[in-house]
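Now for the letters of each chain:
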Amino acid sequence: MSPLNQHLKQNKKGEIFLDKGLHAPCFILVRPQMAENIGMAARAMMNCGIFELRLVAPRESPTDEKALSASSGADVILHQARVFETLSEAVSDLTFLVATTARARDMEKKVLTAEETMPFLAQQIGNGEKVGILFGCERTGLLNDELALADNLLTIPLNPAHTSLNLSQAVLLIGYEWLKASRKPIIEIEQLQPLQASKEELIQLFERFDQVLNEYGYYRWPLKKPRMRRNLNNIFIKACLTKQEVRTLHGVLNTLTHK
């Protein structure tokens, strides 16, 4: 059996399904607009041995006939793709998130190439972390508030005069770098490291922190509020908070609000 197909299993009814023990990043498509692009993205994922697809507010279903046709045999990914209404729901169980972007953004985040990113992600996964990679919609890419949830940004160095990629092309290029990195021996890292906070835990902390700041009148300039919120959230993201640290910060907020 091909190494890329060893995670495909068959039940007694002859139905093909994915082995739940698979260790690879999940790919998250945010607001994809065309069924054909979803199908071609699934095809690129299957090429590179990546099988977990999540969709946020897609315009069309992943099992649309056009998507299945464009997947060219990767329909098992489409049938088991998970659909979410919001990005927060889609990433809630993840502990490390990378977002793809072709443009320089006004936020202080580490920007790496796919080649630089994938060995680190392989190491994270080897240490038991749940990792995801975000892709924006075909027309606008990812919004700043969506990028703010990511730990790192990922870019593909292309001709500066023309950096536009089709969604499935971006998935294939990044997936191929994952395939190369996953075939290399993963350096073992020290065990018993503190458990990283999930995105769901961080989002809950953001929301509570934001509520307290609202109550104490921190946001005095309404027009600047979105950017101020993103900057504050980025501070927490860059800190790589553990579960215990998140609980500690909730305790600090408890004390402040009780006063």
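Residues numbered from 1 in each chain as written. Predicted model: local features only at pLDDT ≥ 70, side-chain atom pairs only at ≥ 80, totals over all residues. Heavy atoms only, no water.

As for the pattern of salt bridges
Let me state the cut-off plainly: Think of a salt bridge as a Lys or Arg side-chain nitrogen and an Asp or Glu carboxyl oxygen that are within 4 Å of each other. Helix numbers and strand numbers start at the N terminus; a helix is a DSSP run of H or I with at least 4 residues, a strand a run of E with at least 2. Summary of the burial criterion: residues with accessible area below 20% of their type's maximum are buried, those above 50% are exposed, and those between are partly exposed, where the area comes from a 1.4 Å probe applied to protein chains only.
If you walk through the whole model with that rule in mind, you get nine salt bridges. Lys180 is the partner of Glu177 in a salt bridge, and the nearest nitrogen-oxygen pair spans 3.3 Å. Note that Glu177 and Lys180 are positioned in helix H7 (residues 167–182) at a spacing of three residues, about one turn of the helix. The class of Glu177 is buried, set by a relative accessible area of 16%. For Asp210, the salt bridge goes to Arg229, with nearest N and O atoms at 3.3 Å. Of this pair, Asp210 sits in helix H8 (residues 199–215) while Arg229 sits in helix H9 (residues 225–238), and the two are 19 residues apart along the sequence. Shared partners join several salt bridges into a network, and the residues in it are Glu52, Arg54, Asp93 and Lys130.

Let's talk about the side chain of Thr117
The criterion, for reference: Here, residues are in contact when the closest pair of their heavy atoms is within 4.5 Å.
Tracing the backbone through its elements, the reader meets Thr117 in helix H5 (residues 114–126). Take Thr117: its relative accessible area is 2%, and that puts it in the buried class. The residues touching Thr117, leaving out its near neighbours within four places in the chain, are Val98, Leu112 and Leu154.

As for the sheet that holds strand E9 (residues 152–155)
Put simply, the test is: Strands pair, by our definition, only if DSSP identifies at least two bridges between them. Every axis in this analysis is a line fitted to C-alpha atoms, fitted for helices over the stretch in contact. Angles between the N-to-C directions lie between 0 and 180 degrees.
The seven strands are arranged E5-E4-E3-E8-E6-E9-E7 in an open sheet whose pairing can be described as parallel. Because the sheet does not close on itself, it has two edges, and the strands there are strand E5 (82–84) and strand E7 (111–113). Across the sheet, the axes of successive neighbouring strands diverge by a mean angle of 30°, strand direction being ignored. Where E7 and E9 come together, three bridges link them in parallel fashion. Bridged to Val111 within E9 is Leu153. Lying over the sheet, H5 contacts strand E6 (96–100), E7, strand E8 (131–135) and E9, oriented at roughly 95° with respect to E7.

Section: H8
This is how the line gets drawn: The span expected for a helix works out to 1.5 Å for each residue beyond the first.
Here H8 is 17 residues long and its end C-alpha atoms lie 24 Å apart, about the 24 Å a rise of 1.5 Å per residue gives. Those residues of H8 that fall on the buried side of the exposure criterion are Lys199, Leu202, Ile203, Leu205, Phe206, Asp210, Val212 and Leu213. Packing partners of the buried residues in H8 comprise helix H4 (87–90), E6, H9 and helix H10 (243–258). Of the residues flanking the end of H8, it is Gly217, one or two places downstream, whose phi is positive at about 75°.

Let's talk about the packing of aromatic side chains
Put simply, the rule reads: Two aromatic rings from Phe, Tyr or Trp, using only the six-membered ring of Trp, form a pair when their centres are within 6.5 Å; if the ring planes differ by under 30 degrees the pair is stacked, by over 60 it is edge-to-face, and anything between is tilted. Both a distance and an angle decide whether a charge sits over a ring: NZ of Lys or CZ of Arg must be within 6 Å of the ring centre and within 35 degrees of the ring normal.
The full count for this structure, using the stated rule, is five aromatic pairs. Centre to centre, the rings of Phe27 and Phe135 are 5.1 Å apart; their planes meet at 50°, and the pair counts as tilted. Here the residue Phe27 occupies a position in strand E3 (residues 26–30), and Phe135 occupies one in strand E8, the gap between them amounting to 108 residues. By relative accessible area, which is 0% here, Phe27 ends up buried. Among the aromatic residues, those joined into a cluster by ring pairs are Phe206, Phe209 and Phe236. Seen from the ring of Trp221, Lys224 lies directly overhead, with NZ or CZ sitting 5.5 Å from the centre.

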